Structure formats: C-alpha cells, structure tokens
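# Coordinate analysis (summary)
Here are the chains, one letter per residue:
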Amino acid sequence: MEVLDLTGQKGLIVGIANEHSLAWAAARHFRSAGAELAITYLNDKARPFVEPLAREAGAAIVLPCDVAAPGQLDAVFEAIRARWGRLDFVFHAIAWARKEDLHGRLTDCSAEGFAESMAISCYSFIRMAHLAEPLMDRGGSLTTLTFYGAEKVVDHYNVMGPVKAALECAVRYLAHELGSKKIRVNALSAGAVQTRAASGIAHFDALLNETLRDAPLHRQVDPDEVGRAALVLASAYASGVTGEVLYVDAGFHIEGMVFH
Ligand code: NAD
C-alpha cells in the first residue's frame, strides 16, 4: 500500500520496455496506490516483455503503441475513451534517436535524424496532451521524463540534449495552456539509471560513476525513487505544482565544480 491514494483514478503509461524501465517503476507505484492502468508496448518484439508486467499491474487496457506509426497513439486514446470515458493522468517515458546521431556529434546530426528524435521523444508528449485534454474534464496530470543533459552539456548525450531541452520547454508551454482546465504538466529529471535506453548512450558507466562521486548523496538513483516521485506528481499532493522540472537525481544537478 502507498501513503498516497489514487483509488478510482485512471492512468496511461507509455514507455515500459522491461522490468528495468523507469515507466515500470512508476506503474508499480501507481498501481499500489489503487490506480487503474492502461499500458502500451512498442511492437510485437516488445510485447512478450511488457505483457507479463501489464498483467502483474492488472492493466485494464494493453495495446501496441509506436508513436511513429500513424494512428497508433490515437487508437490508444480511443480505447481509453471507449472503456473509461475519461483519464486522470499520463506518464510519458519514451525517447529515441538514430544510433549514428546518439553516438555522433550534434554538429553532424542529419535533418531526418533530428526530426525523428524530436517527433518520438518530444512531439509525442505534445500529442498526448492534445489527446488527453478532452478526457481530463475534471483536470489531470501529464508527466514526462527528462535528463540534466537538457540543461548543461553532458558528454555523449549528443542529440538528446537539445531534444530534452525542447521537451522541458514544451512542459512549460503545455502547463500554461492547460492550466485553466486544471491539467498539470510536469517533467521528472531522473539521475542516471541503467536501463535499455541508457545502454544506447556511450560511456554510460562513466556517467554512473560520476554521479556516485559528485552527487551530494554519493549514490545512484533507485528507479523506485523515480516511481515514487511520479506518484506524487500524479496525485492531489502535487495539486499546486505545474510547469516544473523535478529532479530525482541524488542532487547531481546542483553541483558546479567538484574538486577531488
Ligand atoms: P527504457 O528503454 O526502459 O524506456 C524507453 C522506452 O521508449 C521504451 O519502452 C521504448 O519502447 C520507448 N520507445 C522508443 N521509441 C518509441 C516509439 N517510437 N514509440 C513508443 N515508444 C517508444 O529506458 P528508460 O531509461 O526507462 O527511459 C524512459 C525515459 O526516461 C526516456 O525518456 C529517457 O530519456 C528518460 N531518462 C532516462 C534516464 C536513465 O538514466 N535511464 C535518465 C533520465 C531520463
């Protein structure tokens, strides 16, 4: 049981790939707080990894959703409308870039690669806000996941830096536009956690070690800590919080220069 109660609330989680996904940590907390969940998986390849987790979370709706595939995201929201007629919260935890862009300099990124990464990692959140708005007639909460590389240069984060910066800016504009409907929009800036997406970033181990050495708490973040913060943002406990980037990174972002 959780301290916070989401009994009767309906939430959509997009971004579970496996049991290491930050979205899965969030889903577990939403579920143990009593929320009813809709969970998506990327494609047939991802399905066998996600379906057992969706079952464990008692998800009422389990559907494929590749945000780059025309119509799939709309179909998810249509299924939610048909089944629940409303929605209380959305948790967006997806990011993607072509391998050559993720591993190459931003200077060399192609227009197509940049556009694809933006569409999947940033525009998809804007589109979810658009589709969620009519279903959140009593208000609601939209949360996305970002990283410190949006704000400062993090070696090897490359194209994802400007893409996450755009995502954080979109959070503020969406919060501004949807506030009058009592829809709150926030981002969680998670510290480095070893996940499938993270394994695509070069020298990720060095980033983990840096967190251990330099973050005020001198440790890595546990996915559960990200999940708990996601639960708080979705709940009425955060009813006054919108347009915010909340850091769950063991304090890493406050450090300027640390001497060793
Ligand atoms: P993950 O690999 O478990 O999750 C990434 C998800 O993105 C996967 O479920 C994948 O299916 C999904 N995805 C990719 N392309 C998609 C598409 N076209 N349509 C729909 N879904 C698509 O890794 P994660 O680390 O849990 O990543 C979740 C989010 O957290 C990402 O936005 C990531 O940038 C962010 N984040 C991660 C860290 C970290 O250190 N792991 C830190 C800060 C922020």
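Quick note: structure is the one above.
In this report, the structure presented in the accompanying data block is examined. All of these numbers come straight from a predicted model, not from anything done at the bench. (Residues numbered from 1 in each chain as written. Predicted model: local features only at pLDDT ≥ 70, side-chain atom pairs only at ≥ 80, totals over all residues. Heavy atoms only, no water.)

### Focus on the packing of helix α5 (residues 111-132) against helix α6 (residues 160-178)
Note the cut-off: Axis definition: a line fit to C-alpha positions, over the contact stretch in the case of helices; interaxial angles, taken between N-to-C directions, run 0 to 180 degrees. Only DSSP runs of H or I covering at least 4 residues are called helices, and only runs of E covering at least 2 are called strands; the numbering of each starts at the N terminus. What sets the label is the angle itself: under 35 degrees gives roughly parallel, over 145 gives roughly antiparallel, 65 to 115 gives roughly perpendicular, and the rest give oblique. In this scheme the handedness of a crossing depends on how the near helix is turned from the far one: anticlockwise by less than a right angle means left-handed, clockwise means right-handed. Whether two residues are in contact is decided by their heavy atoms, any of which lying within 4.5 Å being enough. Polar here means any residue outside two lists: the nonpolar Ala, Val, Leu, Ile, Met, Phe, Trp, Tyr, Cys and Pro, and the charged Asp, Glu, Lys and Arg; Gly therefore counts as polar.
Axis separation between α5 and α6 bottoms out at 10 Å; the angle between their running directions is 20°. Between α5 and α6, the crossing angle belongs to the class labelled roughly parallel. Once α5 is placed against α6, the crossing between them reads as right-handed. Facing α5, whose interface residues are F114, S117, M118, S121, C122, F125, I126 and A129, α6 presents M160, P162, V163, A166, L167, A170, V171, L174 and L178. Residues that form the contact of α5 with α6 fall into these classes: 15 nonpolar, two polar and no charged.

### A word on the environment of P64
Put simply, the test is: Note on exposure labels: buried denotes an accessible area under 20% of the residue type's maximum, exposed denotes more than 50%, and partly exposed covers the range between, all computed with a 1.4 Å probe on protein chains only.
Along the chain, the position of P64 falls in strand β3 (residues 61-64). Residue P64 is classed as partly exposed on the basis of its relative accessible area of 33%. Here the alpha-carbon distance between P64 and A75, two residues eleven residues apart in the chain, equals 9.2 Å.

### Here we look at α5
Definition in use: Multiplying 1.5 Å by the helix residue count minus one yields the expected span of that helix. Bend at a given residue is defined as the angle between two axes, one fitted to the seven residues that end at that position and one fitted to the seven that begin there.
Compared with the 32 Å implied by 1.5 Å per residue over 22 residues, the 30 Å span of α5 between its first and last C-alpha is a close match. Maximum bend of α5: about 45°, positioned at Y123. Those residues of α5 that fall on the buried side of the exposure criterion are G113, S117, I120, S121, C122, S124, F125, M128, A129, L131 and A132.

### What to know about the nonpolar core
Our working definition: Here, nonpolar core means buried Ala, Val, Leu, Ile, Met, Phe, Trp, Tyr and Cys residues that are tied together by side-chain atoms lying within 4.5 Å of each other.
I13, I16, F30, L37, I39, F91 and L188 are the most contacted members of the largest nonpolar core, which totals 56 residues. Going through the elements one at a time, α1 (22-32), β2 (36-41), α2 (47-56), β4 (89-92), α6, β6 (183-190), α7 (204-214) and α8 (223-234) are the ones with two or more residues in this core. Once residues within four sequence positions are removed from consideration, F91 is found in contact with L12, I13, V14, L22, A23, A26, F30, T143, L145, L188 and A230.

### Details of the layout of surface pockets
What counts here: Points on a 1 Å grid over protein atoms alone make up a cavity when a 1.4 Å probe fits among them but cannot get out, and a pocket when they form an open set with protein on both sides within 12 Å along at least five of seven lines; lining residues each have an atom within 4 Å of a point. Grid points are joined across faces, edges and corners, and a volume is the space filled by probe spheres set on the points.
Of the volumes computed, that of the largest pocket is approximately 1300 Å³. As for the largest pocket, its lining consists of 47 residues, and the residues nearest its centre are A93, I94, A95, W96 and A197. Among the secondary structure elements, those contributing two or more residues to the lining of the largest pocket are α1, β2, α4 (99-103), β5 (140-146), α6 and α7. Ranked by the residues each element gives to the lining of the largest pocket, the list is headed by α4, at three residues. Of the residues assigned to the lining of the largest pocket, the class counts are 31 nonpolar, eleven polar and five charged. When its volume is computed, the second largest pocket comes out at roughly 340 Å³. Looking at the second largest pocket, it is lined by 18 residues, and the ones nearest its centre are V153, V154, L207, E210 and F252.

### Things to note about helix α3 (residues 72-83)
With twelve residues, α3 should cover 16 Å at 1.5 Å per step; its first-to-last C-alpha distance of 17 Å lies within 8% of that length. In the core, the buried residues of α3 are packed alongside β1 (10-14), β2, β3, β4 and α5. At the exit of α3 stands G85, carrying a positive phi of roughly 75°.

### Brief notes about empty space enclosed by the protein
The final tally for this structure, using the stated rule, is one cavity of 30 Å³ or more. Within this model, the largest cavity holds a volume of roughly 60 Å³. Around the largest cavity, the lining residues are F147, Y148, A190, G191, A192, L207, T211, D249 and F252. Its residues placed into classes, the lining of the largest cavity shows six nonpolar, two polar and one charged.

### Considerations on the packing of aromatic side chains
Put simply, the rule is: Two rings from Phe, Tyr or Trp (for Trp, the six-membered ring) form a pair when their centres are within 6.5 Å of each other. A pair whose planes differ by under 30 degrees is stacked, one over 60 is edge-to-face, and the rest are tilted.
Summed over the entire model, instances satisfying the criterion amount to four aromatic pairs. Measuring from centroid to centroid gives 5.9 Å for F30 and F91, while their planes differ by 70°, and the two rings are edge-to-face. Of this pair, F30 sits in helix α1 while F91 sits in strand β4, and the two are 61 residues apart along the sequence. The two residues F30 and F91 agree in class, both being buried. Among the aromatic side chains, those forming a connected cluster through ring pairs are F30, F89 and F91.

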